[in-house]
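Residue-level listing of the chains:
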Amino acid sequence: MAKWIRYEQGGKTGFGTLEGDTIAVHTGDLFASPKPSGERLKLSEVQILTPCDPSKMICLWNNFHQLAAKNEFKEPKEPLWFLKAPNAYWPANRPIERPATYAGKIIYEGELGVVIGKKCFNISEAEAGEYIFGYTCVNDVTAVDLLRKDKSFEQWARAKSFDTFGVFGPVIATGIDPMKLSVKTILNGKERQNYPVADMFFPPHKLVAAISKDLTLMPGDIIACGTSLGAGTMGDAHNVVDIVIDGVGSLSNVFDQVLPSPYLLGAPPKQKKICVVGAGAIGGLLAAKFALAGEDVTVIDQGAHLAAIQKNGLKLEWHDGKVQTAKMKAVNKATEAGKQDIVVLAVKAHFLDQVVRDIDSMLGPDTVVLTVQNGLPWWYFQRLGGRYDNHRLESLDPSGILTKKIDPNRIIGCVVYPAAAAIAPGVVHHVEGDRFPIGELDGKETPRVKELHDVFIKAGLKSMVLPDIRSEIWLKAWGNLSFNPISALTHATLVDICQFAETRELAATMMKEAQDIAQKLGVTFRVTIDKRIAGAEAVGAHKTSMLQDVEAGRSLETEALIGSILEMAKLTNTPAPSIEAVYALVKLLNKVMLLEGGGVKVEKMKAA
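Residues numbered from 1 in each chain as written. Predicted model: local features only at pLDDT ≥ 70, side-chain atom pairs only at ≥ 80, totals over all residues. Heavy atoms only, no water.

(A) Region of the structure containing the overall build of the protein chain. In terms of helices and strands, the protein chain carries 16 helices and 30 strands. Dimensions of the protein chain, computed from the C-alpha atoms along their principal axes, are close to 95 × 60 × 50 Å. Contacts spanning at least 24 positions in sequence make up 73% of the contacts within the protein chain whose residues lie at least 6 apart. If you sum the accessible surface of the protein chain, you get close to 27,100 Å²; carbon and sulfur atoms cover 52% of it. Looking at charge distribution, the protein chain has the averaged site of its 68 positive side-chain charges lying 4 Å from that of its 69 negative ones. (Helix = DSSP H or I, 4+ residues; strand = E, 2+ residues; numbered from the N terminus. Contact = heavy atoms within 4.5 Å. Areas by Shrake-Rupley, 256 points an atom, 1.4 Å probe, with all protein chains shown as cover. Lys, Arg positive; Asp, Glu negative; His and termini not counted. Charge placed at Lys NZ, Arg CZ, Asp CG, Glu CD.)

And the structure:
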């Protein structure tokens, strides 16, 4: 066993074996019978270099069972690899640098590196040991936001080849059994990764043999074996990252960064005049957060809720117990609101045709209309292009008034991920979540959509500008179309639906039917059905908005959540029997409630 290290001293490079804090200097070629010179140097007297100078660094993706199981990746039939550029190679104890041209997330990935000792091509697994010189620690640094920035081409090499992003060293350990090793990553003193090398799909010997069938491996080349669970963002201003492999060594680097501005336009936006039409659960949450951030907010609502806001303001109870009261103008019709910079349509979809009748009074030349309804939006096919461009969804806009009254060029789409409830007049309770992804209907990243993103950020909410807002809408609608009606019919919470075998299976079946419809429209889902259900289950004992409406005796979002998807099923000639059956039941429930003038609520029986 030996630990080989390369160094620089007085402008000259050298190498040797590391023994404690002393280097036993060697001469010749590291990979061809090096000889000790008898000279010894203190580690503190030299600058550590990368322990070798590879002609290439080959990096693996999806090489660990545990990570694949968590992300529902299929087991690869052969190694999946990419290259890091030589400019990325970087030694221990030198700062990793943030690229000046990139402002996104930068992640660490602790990995074992296999160092090749002899030139080889097309060797067998049994022969591989003869060509492996030793092992080193690798930190595969990644500008992760670039990976899938372009949907037509995943940019692995670009995301991982910035200067200083190929960190390895400080030594190469020889004479060890890699299958007994574990890789740990410690970020700012906290262990983030700890996984066994033995969990690999392709262990080192099999990996070297397989890759040698694709290209010639040269002495000093490194194969980074891929990472497992726990890779994450180096998000602080000051980060210390240690990759520790007992028996090999400890690779330590600092990553100092000026944290990028959260604002896409570089600074908080100027005050906006914002009217939120419908100050219920989500509308109320947005109105309160915008007002508390200093925006000039008006809400339009009715009845006791309106009266309470006019008298006392809008009280927002955050999930962590923080309670704030936001003051704002509150009126009962659009004509009293005045011209706005942003109009947020936050009423349920089946009320939109009523509230847009007077919307002209709020619209100036540059007013943006933000839609935050559940389910699919009436504008889905507007500015879409292709076969169905400008097709009107009759289930969502039966009279055509929405299409007529709102120019699609004003609209920005939004997906609402928070859960909230209006629990009393003038009071909104936040359950969980704070993400509001937004996007232009044509997918462009315009100055106005960036500014709207910054309005959300200024309010303390999370947002991102998406190039395909419709796919994200489908992802949310995917769950709404199943969980909402099932909860309305059963009075069960999200966690109850997901943990009851029969309703979980029903939800999955409905989602599979919806997925078939969406895929015919060119929509791709970035998570699996099981993962989407698991996300709903994690929310816990939350009552869906449709169940809240059933209990309160309000009309249900039947068409927005289910009917619109059935309309698309007919448009694309896609069978959806489970969705049809649930739609019929919920539509009848809605009719009965409206005829009887009341809701349905399950309550515990009082003791006699």
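Now that the structure is up, let's keep going.
(B) Expanded view of the sheet that holds strand β28 (residues 419-424). Taken together, 4 strands build an open sheet; the order of strands is β23-β22-β29-β28 and the sheet is mixed. Each edge of the open sheet is held by one strand with a lone partner, namely β23 (323-326) and β28. Averaged over neighbouring strand pairs, the angle between their axes works out to 25° when direction is ignored. Pairing geometry for strand β22 (residues 314-317) and strand β29 (residues 427-432), over 3 bridges, is parallel. Residue pairing in the sheet places Glu317 in a bridge with His429 of β29. (Pairing = 2+ DSSP bridges. Axes fitted to C-alpha atoms, helices over the stretch in contact; angles between N-to-C directions.)

(C) Focus on helix α4 (residues 204-212). The complete set of buried residues in α4 reads Pro204, Leu207, Val208, Ala209, Ile211 and Ser212. Packed against the buried residues of α4 are β6 (57-61), β7 (80-84), β10 (110-116), α2 (128-131), β11 (132-140) and β16 (222-224). (Buried < 20%, exposed > 50% of the residue type's maximum accessible area, 1.4 Å probe, protein only.)

(D) Representation of the side chain of His430 within the structure. Along the chain, His430 turns up in strand β29. Relative accessible area serves as the criterion here: at 1%, His430 is assigned to the buried category. Polar side-chain contacts of His430 include one of 3.4 Å to the backbone oxygen of Glu432. A polar side-chain atom of His430 sits 2.6 Å from the main-chain carbonyl oxygen of Gly433. With sequence-adjacent residues up to four places away left out, His430 is seen in contact with Leu285, Glu317, Trp318, His319, Pro418, Ala419 and Ala420. (Polar contact = N/O pair within 3.5 Å; in protein donor to acceptor, adjacent residues only side chain to side chain.)

(E) Structural view of the environment of Gly113. On the secondary structure map, Gly113 appears in strand β10. Sequence separation between Gly113 and Ala224 is 111 residues; the distance between their C-alpha atoms is 4.4 Å. Sequence-distant contacts of Gly113, that is, excluding residues within four places in its chain, are made with Gly134, Tyr135, Thr136, Val138, Ile222, Ile223 and Ala224.

(F) Layout of the nonpolar core. In terms of nonpolar packing, the biggest core is built from 77 residues, with Leu345, Met362, Trp378, Trp474, Met568 and Ile579 touching the most fellow members. Examining the composition of this core, we find that 10 residues originate from one element, helix α10 (residues 469-490), more than from any other. The residues contacting Ile579, other than those within four sequence positions of it, are Leu481, Met510, Glu513, Ala514, Ile562, Ile565 and Leu566. Formed by 69 residues, the second largest nonpolar core is a distinct cluster that contains Cys59, Ala68, Phe82 and Leu251. (Core = buried A, V, L, I, M, F, W, Y, C linked by side-chain atoms within 4.5 Å.)

(G) Up close: the sheet that holds strand β12 (residues 142-143). Spatially, β12-β9-β17 is the arrangement adopted by the 3 strands of the open sheet, whose pairing is antiparallel. Edge positions in the open sheet fall to β12 and β17 (232-233), since each of these has one partner strand only.

(H) Inspection of the side chain of Thr185 at higher detail. Tracing the backbone shows Thr185 in strand β14 (residues 182-187). Here the side chain of Thr185 touches Gln193 through a polar contact of 2.7 Å, side chain to side chain. When residues no more than four places from it in sequence are discounted, the contact partners of Thr185 are Tyr108, Gly110, Lys190, Glu191, Arg192, Gln193, Val241, Asp242 and Ile243.

(I) Representation of unusual backbone geometry within the structure. The omega angle of the peptide bond from Gly169 to Pro170 is -5°, so this bond is cis rather than trans. The topology assignment puts Pro170 in strand β13 (residues 166-174). In this model, Asn122 sits at a positive phi of 55°, which is unusual for a non-glycine residue. As for its placement among the helices and strands, Asn122 is situated in the loop between β10 and α2. The phi angle at Thr164 is positive, at roughly 80°, despite the residue not being glycine.

(J) Representation of the environment of Ile469 within the structure. Looking at the element boundaries, Ile469 is found in helix α10. In this structure Ile469 comes out as buried when scored by relative accessible area, which is 1%. The spatial distance from the C-alpha of Ile469 to the C-alpha of Leu286 is 19 Å, given a sequence separation of 183 residues. Excluding anything up to four places from it in sequence, Ile469 contacts Trp379, Gly413, Cys414, Val415, Pro437, Ile438, Gly439 and Glu440.

(K) Focus on the pairing of strand β1 (residues 2-9). The pairing of β1 with β13 spans 3 bridges and is antiparallel. The residue bridging Lys3 from the neighbouring strand is Ala173, located in β13. As judged from the 6 bridges shared by β1 and strand β2 (residues 12-19), these two strands associate in the antiparallel manner. Residue pairing for β2: Ile5 is matched across the bridge by Gly16. In this antiparallel pair of consecutive strands, β1 and β2, the connection spans 2 residues, and Gly10 shows a positive phi of 60°. Pairing of β1 with strand β5 (residues 47-48) involves 2 bridges; the strand directions are antiparallel. Opposite Tyr7, over in β5, you have Ile48 as the bridge partner.

These figures come from the coordinates and say nothing about function on their own.
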